[in-house]
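# Architecture at a glance
Each chain is listed here by its residues.
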Amino acid sequence: MMAVVTTGNGGYDKLSYQQVPTPTPGPGEVLLRVLAAGVNNTEINTRLGWYSASVKSDTRASADAFDDSAENASDSEDGGWNGATPFPLIQGTDCCGEVVALGAPGEEGADASADLLGKRVLVRACMRTRGFDHWDSVWMASDFDGAFAQFVKVPASEVFPVDCDWSDEELATIPCAYGTAENMLHRAGVSAGDRVLVTGASGGVGSAVVQLAKRRGAHVTAVAGSAKHEAIRDLGADRLLDRDDDLLASLGESSIDVAVDNVAGKGFGGVLEVLDRGGRYVSSGAIAGPVVELDMRKLYLKDVRLIGSTAWDEPIFPALIGYIERGEIRPLLARTFPLAQIVEAQQAFLEKQHVGNFVLLPPPLD
């Protein structure tokens, strides 16, 4: 099969479009023909080794630091989600696929049911390896081969048939961005009437948060570049702010119940200032920079809760499938690229001129 193999930490030269063996599903696994695969920050961050504690800059600055013509960068021992990334690796966290083969029956209810054959499915990319009572998790395309290929094998327990009229490309926008967004809202206990601030609202996760928070009945203030305001307003945002606006001057102190902030960087302190007493701050990323300045008085004097969100909770993915099938959310497909054009896709992704998600399309089977 054809696949994009990431050979190590570094620049775009580490992305190799090549022929590799088609995987064979093992016990409790299924083989999927990849119909479409979404593009996310996490693939770029993993290639860059951005998760390493030694990295202090934002994703774009880290990408610019690599010279694409060089043989650059040794692999970071802590640059992936769970330490060292197992290079060479096929990335691709978001997968819409068709079940084409079953492995042998697995253990403890993980049997690959014949009912899955021929079904169009989404893959739950975050997998809780010891069950949902433990925090241990692995991520498809960070810890094992993912969907930037014509085929991928995954545990049968992590595939979810979906019955809807969306295109393959539209479905591929969902898993990582919407799973991450729903998990943050779930962890922060967002409910009807909550005043929610969403930074980075035009990105894949941010635009998903806007939709999903409105679905819960929240009042949403979204922060994004002014050129993208109309598109975000169409998603239901009640108020739009430019990313250069002063939050405290625009909103006032104690004006927000929940801040969903995947931007961080120098704006972190301003987000804390607008939180009300007992407010919740939740994050699953830091695209503007992972190192922030925290005034501890803003934390403890206001009884603020800081909530990290990576491993998805049990209700998250089944809930998303239900939202799709009932028409309660809609996809934001910004652009598609052939799989072979992954470099062009990631370059355009880092320009941040789009609203929503990019998707890669594998070549047709011979």
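In case you missed it, the structure is sitting above this.
Note that the coordinates shown come from a computational prediction; the quantities given were computed from them, not determined experimentally. Throughout, residues of each chain are indexed from 1 in the direction in which the sequence is written. Since the coordinates come from a predicted model, pLDDT governs what is reported: local features require at least 70, and pairs of side-chain atoms require 80 or more to be given and counted, while whole-chain, interface and lining totals use all residues. For the side-chain quantities, the full set of heavy atoms in the structure was used; hydrogens and water were omitted.

Take the overall build of the protein chain next. Within the protein chain one finds eleven helices and 18 strands. Across its three principal axes, the protein chain shows a C-alpha extent of roughly 60 × 50 × 40 Å. Within the protein chain, contacts between residues separated by at least 24 positions form 72% of all contacts whose residues are at least 6 apart in sequence. Accessible surface for the protein chain amounts to roughly 15,200 Å². Of this, 48% is attributable to carbon and sulfur atoms. For this count, His and the chain ends are skipped, Lys and Arg are scored as positive, and Asp and Glu as negative. For this purpose, a charge sits on NZ of Lys, CZ of Arg, CG of Asp or CD of Glu. Here the protein chain contributes 31 positive and 51 negative side-chain charges, whose respective centroids are spaced 6 Å apart. Secondary structure elements are defined from DSSP: runs of H or I of at least 4 residues count as helices, runs of E of at least 2 residues count as strands, and each element is numbered from the N terminus. Working rule for contacts: check all heavy atoms of both residues, and any pair within 4.5 Å makes them a contact. Residue exposure ignores everything except the shown protein chains as possible cover, and the areas themselves are Shrake-Rupley values with a 1.4 Å probe.

Here we come to the packing of aromatic side chains. Stacked, tilted and edge-to-face are the three classes applied to pairs of Phe, Tyr and Trp rings, where Trp contributes its six-membered ring and a pair requires centres within 6.5 Å; stacked means planes under 30 degrees apart, edge-to-face means over 60, and tilted covers the rest. Taken as a whole and judged by the stated rule, the model has seven aromatic pairs. A centroid spacing of 5.2 Å and a plane angle of 80 degrees characterise the contact between Trp139 and Trp312, whose relative ring orientation is edge-to-face. Note that Trp139 is positioned in strand β8 (residues 138-139) and Trp312 in the loop between β16 (305-308) and α10 (316-325), a separation of 173 residues in sequence. When accessible area is computed with a 1.4 Å probe and restricted to protein chains, residues below 20% of their type maximum are described as buried, those above 50% as exposed, and intermediate ones as partly exposed. With relative accessibility at 1%, the residue Trp312 sits in the buried group. Among the aromatic side chains, those forming a connected cluster through ring pairs are Trp139, Phe160, Trp312 and Phe317.

It is worth spelling out the packing of helix α4 (residues 175-187) against α10 at this point. Viewed as axis vectors pointing N to C, α4 and α10 meet at an angle of 115 degrees, and their least axial separation amounts to 10 Å. Between α4 and α10, the interaxial angle falls into the category roughly perpendicular. Crossing of α4 over α10 shows right-handed handedness. Where α4 approaches α10, its residues Pro175, Tyr178, Gly179, Glu182, Asn183 and His186 are matched on the opposing element by Ile316, Phe317, Leu320 and Tyr323. In this classification, Asp, Glu, Lys and Arg are treated as charged, Ala, Val, Leu, Ile, Met, Phe, Trp, Tyr, Cys and Pro as nonpolar, and every other residue, Gly included, as polar. Class assignment for the residues of the contact of α4 with α10 results in six nonpolar, three polar and one charged. What counts as an axis is a line fitted to C-alpha atoms, over the stretch in contact for a helix, and the angles between N-to-C directions run from 0 to 180 degrees. Should an angle fall under 35 degrees it is called roughly parallel, over 145 degrees roughly antiparallel, and 65 to 115 degrees roughly perpendicular, with every other angle called oblique. A crossing counts as left-handed when the near helix is turned anticlockwise from the far one by less than a right angle, and as right-handed when that turn is clockwise.

Take it as geometry only, folks, not as evidence of what the structure does.
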